[in-house]
Amino acid sequence: MLSCLIQPTSGNAQIDSYEIRKKADAQKIRGMIGLLPEVPGLYETLGAYKNLDYYGQLYGVPKKQRDESIQTTLTNLDLWDRRNEPVGGFSKGMKQKIAIARALIHDPKYIFLDEPTASLDPMAAKIVREYILELKKKGNTILINTHNLSEAERICDTVALVKNRTVKIGNPKELAKGLFTRTISITMQKIPPTLPNDIESLGLVSQAQVIGNRLILNVRNPEEDNPQVLSWLVKQGLQVQFITEEEHSLEEVYLKLIEEAAR
Amino acid sequence: MRWRNAWIVMRKDLDEFKKQKFVIGSIVAMPIILGVVLPLAMFVPMVTMVPLERPWDINGLLQIGSLPADAVVPWINQTLEGASFDATFFQHTRLKNASLTNCIIESCIIENTTVIDSTIQNSSLSSSYLMNVTVIRSEGTELDGRFILAVSSDLAFLKTKPSEIDQVLPMMFNMILMIFIIIPATLPTIIATYSIVGEKNNRSLEPLLATPTTDGELLAGKIFSSFIPSMGSTFLAFTLGVVLLDIVLIPKVGYPLLPNLTWVLSMVLLAPTACLMSVLACVLVSSKVNDVRAAQQLGGFVVMPVIMLMIGVLAGFIFLSPVMIFVFAGFYGCLDLFLFFFARAIFNREAILTKWS
């Protein structure tokens, strides 16, 4: 919808003051956006060069700039020597990279990537992910639509969790912090069975449990409470080996949010 | 509309087309089989078995004579008897026992006269000898001669009655001409039906529609990329067919029969407009269906207006004269314009991308 391929049934959206509902604006918006659809949709009988050159021309990129951009991109993708080979013979990961390069041929202000690593093998997915991270480093605004939450967590600065409507928007870590009590994991040589009850009675932690040689604590304010907990444990004569904060994955965040939204 | 964008779309499609060897094969083979091999298969046995050095009637072949620069003043409303004339124009004149060479004879009565290298129009002939003469819209009895090209005329000969083969010839020539109109109308069903729905099925349409290209530019590009190979292949077959038919027929008739004015006009006006009509209809169908096969099936119907013309010509209802070619080309041209604007009006990006049933 934002790339002006389909019209909204209601409401409106603006990209750089252009409205997606207006036909005249839609053409300008399409020129500002680089789109990677779910399926690469390359012309399989044509080479990588011709695929990219075609879109460069349609986006009105001058020939010199187009040639330079294609050469740089294909060289970076190790495809310059194979630029005239039909892309139908390339691997899925390669095709996906060419499709991303196609979305970038006109140096768009905004990049929309739809499931960029879907149906790719782990190696190809890694290649594509690294490529996206490179783009991110260059400062491009990238919007990724994905079901792969671990990927979103690794790549994105901001995530919008959507289930029929936008459930939550924010930084993945901040979302987790807002949803879950922060959890501390303390690894010790030996944990007395009464330790969870004893530490709960201190009033610093809301919940304590033992898993193997780890003491798992839900702490309300770790920055202030952790030193007190640690000094108490040391006073009890217990030997603390490691202390880490347990992190909640975006998947856990998503599931919890969806659960809450359903209530 | 930015024609540059249409040009880019067309060039990409042609680049893709060049890689499809089987499609190119069928696009080239069909016109050659229908427009070259088939006519030769009909004519070669005929000219080898039947002596054609006698009067024969070829409807639809128009060859109008012209007077030399030093032609004499026309004879009008006269009665001339027992004289010889060279390079003279006669109108409403009665010619008896005369000898005429390089003349144009219009609306005259000709009796016991020898006419050589001339053109006769709207006249009445009797007991005359004709040699290398074109007879248009005339009637004649008790005639004799060689190399007579009769157009819309009713001529009766003394020595040689038109055989069954002679009577079939005009129909064959008309049929061959119609083949060259049918070919460019049929070929787009192979290429143009694929143009939009093929991209949709390959999933290459989504990124294409995400570019700033407008509907009109996209359609124009798709139309030209189907039109050029179709017409190119037709012209190739036409040139080959005409040259080979002339090679076969010249030894029998003495001069190249093809291409005449009717054939040239047909190829310059009628074939391109018929081709464009077919391309437009196929692209329109292609933008409305979800399957290439469905597009090809429906695309078959777009040849109907051309088939109707063919039936009209073969049944004798329509005589393909230059005027009729202008009329039909004009009609097809108007239809082409209407189809383009209609296709552009109903081209719906959203429906093409989202409708799969």
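Conventions used here
Residues numbered from 1 in each chain as written. Chains lettered and ligands numbered in written order. Predicted model: local features only at pLDDT ≥ 70, side-chain atom pairs only at ≥ 80, totals over all residues. Helix = DSSP H or I, 4+ residues; strand = E, 2+ residues; numbered from the N terminus. Buried ≥ 20, exposed ≤ 12 C-beta atoms within 10 Å, placed from the backbone. Contact = placed C-beta atoms within 7 Å. Nonpolar A, V, L, I, M, F, W, Y, C, P; charged D, E, K, R; others polar. Pairing = 2+ DSSP bridges. Axes fitted to C-alpha atoms, helices over the stretch in contact; angles between N-to-C directions. pLDDT = per-residue confidence, 0-100.

Trainee: I tried to follow the overall build of chain A on my own but got confused; where do I start?
Mentor: For chain A, the helix and strand inventory stands at 10 helices and 11 strands. Classification of the 263 residues of chain A by burial places 29% in the buried group. Sequence separation of at least 24 residues holds for 64% of the intrachain contacts in chain A that already meet a minimum separation of 6.

Trainee: So what exactly am I meant to see when it comes to the interface of chain A and chain B here?
Mentor: Often, the extent of an interface is quoted as the loss of accessible area on bringing the components together. At the interface, 23 residues of chain A touch 21 residues of chain B. The set of elements that each furnish at least two residues to the side of chain A that touches chain B consists of α1 (23-32), β3 (33-36) and α2 (48-58) of chain A. Looking at the side of chain A that touches chain B, the element that brings in the most residues is α2 of chain A, giving five residues. Partitioned by chemical class, the residues of the side of chain A that touches chain B number 13 nonpolar, seven polar and three charged.

Trainee: In this structure, what is going on with the pairing of strand β7 (residues 165-170) of chain A? I would like to understand it.
Mentor: Along any regular strand, the residues point their side chains to alternate faces of the sheet. Residues and elements named next belong to chain A. Burial analysis of β7 places just zero of its six residues in the buried class, a small minority of the element. Direction of pairing for strand β6 (residues 159-163) relative to β7: antiparallel, over a ladder of five bridges. Note on β7: the bridge partner recorded for leucine 161 is lysine 168.

Trainee: What is the right way to read the sheet that holds strand β5 (residues 141-145) of chain A from this model?
Mentor: The strands that make up a sheet are held in pairs by hydrogen bonds between backbone atoms, and each pair lies either parallel or antiparallel. Residues and elements named next belong to chain A. Overall, parallel pairing links the three strands, which are arranged β3-β4-β5 in an open sheet. Pairing within the sheet leaves two strands with one partner each, and these edge strands are β3 and β5. Mean inter-strand twist for the sheet, computed between neighbouring axes without regard to direction, equals 15°. Pairing between β3 and strand β4 (residues 110-114): four bridges, direction parallel. Among the inter-strand pairings, leucine 36 is bridged to a residue of β4, identified as leucine 113. Relative to β3, helix α4 (residues 92-104) is tilted by about 165°, and along the sheet it contacts β3 and β4.

Trainee: I tried to follow the confidence of the model for chain B on my own but got confused; where do I start?
Mentor: One rule of thumb: low pLDDT means the predicted coordinates there are not for detailed reading. Residue and element names in this part refer to chain B. Mean pLDDT over chain B stands at 82; residues scoring 70 or higher make up 86%. Ignoring residues within four places in sequence, the model shows residues 51-65, a span with pLDDT below 50, making 50 contacts including any to other chains. A low-confidence stretch, residues 161-165 stays under pLDDT 50, and its non-local contacts, those more than four residues away or across chains, total five contacts. As a predicted assembly, this complex carries a pTM of 0.68 together with an ipTM value of 0.73.

Trainee: When you look at the sheet that holds strand β8 (residues 182-188) of chain A in this model, what are you seeing that I'm missing?
Mentor: Residue and element names in this part refer to chain A. The antiparallel open sheet is built from four strands, whose spatial order is β9-β10-β8-β11. What marks the edges here is a single partner per strand, and that holds for β9 (205-211) and β11 (240-246). Between one strand axis and the next, the sheet turns by 20° as a mean value, whatever way the strands run. In terms of strand pairing, β8 meets β11 through six bridges, oriented antiparallel. Residue pairing in the sheet places threonine 187 in a bridge with phenylalanine 242 of β11. On the sheet, helix α9 (residues 222-235) packs against β8, β9, β10 (214-219) and β11 and is oriented at approximately 155° with respect to β11.

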